[in-house]
Structure formats: structure tokens, C-alpha cells
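Each chain, written out:
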Amino acid sequence: MDSWLPKTIAGRYLLRGQLWRTPETVVVSAWDERLSVPRSLKLIRPEHRQNVRLHGSLHTEARVLTMVSHP
């Protein structure tokens, strides 16, 4: 995994490994310690955190993903 990634996020998600990487983001496998379920988290790479367009795109992606139901 990238060295900038913490071991946990928000005191809740224990990062397990990197699944996918783009120039702007990284998708990681995580364990939700509060709900005891696996999760995938898409994180913005540090050098792109001020990119307003990217934030808007990820918010749209998150809204669309809430409509998907898949085991």
C-alpha cells in the first residue's frame, strides 16, 4: 500500500490492502470495525485533495452507488 495511507480511517475502518489505483485516487479494502463487515473505500491521493472537480465527481459517484444493491 502507499506509504501515505494510515492503518485506520475515522477510528473505524481498518485498511487491509490496495485494490485499485489511479493518478488521483486509490481504492482500498477495509474492515468496518463498528459493523463487522468488509468495505471498499475510495480515497483521494494527498496531492489531489484540493481538486474541487474531483470532489464533485466523487460525490456524484457516491450518490449513484447508493442506488446499487449487490451482495
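Remember, predicted model here, so these are calculated numbers, not experimental data.

Trainee: Any chance you could explain the overall build of the protein chain here in plain terms?
Mentor: Looking only at helices and strands, the protein chain features one helix and four strands. Going from N to C terminus, the protein chain has its helices and strands arranged as β-β-β-β-α. Referenced to the eigenvectors of the C-alpha coordinate spread, the extents of the protein chain come out at roughly 35 × 35 × 20 Å. The proportion of buried residues among the 71 residues of the protein chain is 27%. A fraction of 21% describes how many contacts in the protein chain between residues 6 or more apart in sequence connect residues 24 or more apart. Of the roughly 5,300 Å² of accessible surface on the protein chain, a fraction of 57% belongs to carbon and sulfur atoms. Positive and negative side-chain charges of the protein chain, numbering 11 and 6 respectively, have mean locations separated by a distance of 3 Å.

Trainee: For this particular structure, what's the right way to read the nonpolar core?
Mentor: It is characteristic of soluble globular proteins that their nonpolar side chains tend to be buried jointly. Core analysis: the biggest nonpolar cluster contains eight residues, these being L5, Y13, L15, V26, V28, A30, L41 and L43. Of all the secondary structure elements, the ones that give two or more residues to this core are strand 2 (13-21), strand 3 (25-32) and strand 4 (37-44). The greatest single-element share of this core, amounting to three residues, is contributed by strand 3. Setting aside residues no more than four positions away along its own chain, V28 makes contact with M1, L5, L15, G17, Q18, L19, R39, S40, L41 and L43.

The rules behind the values
Residues numbered from 1 in each chain as written. Predicted model: local features only at pLDDT ≥ 70, side-chain atom pairs only at ≥ 80, totals over all residues. Heavy atoms only, no water. Helix = DSSP H or I, 4+ residues; strand = E, 2+ residues; numbered from the N terminus. Buried < 20%, exposed > 50% of the residue type's maximum accessible area, 1.4 Å probe, protein only. Contact = heavy atoms within 4.5 Å. Areas by Shrake-Rupley, 256 points an atom, 1.4 Å probe, with all protein chains shown as cover. Lys, Arg positive; Asp, Glu negative; His and termini not counted. Charge placed at Lys NZ, Arg CZ, Asp CG, Glu CD. Core = buried A, V, L, I, M, F, W, Y, C linked by side-chain atoms within 4.5 Å.

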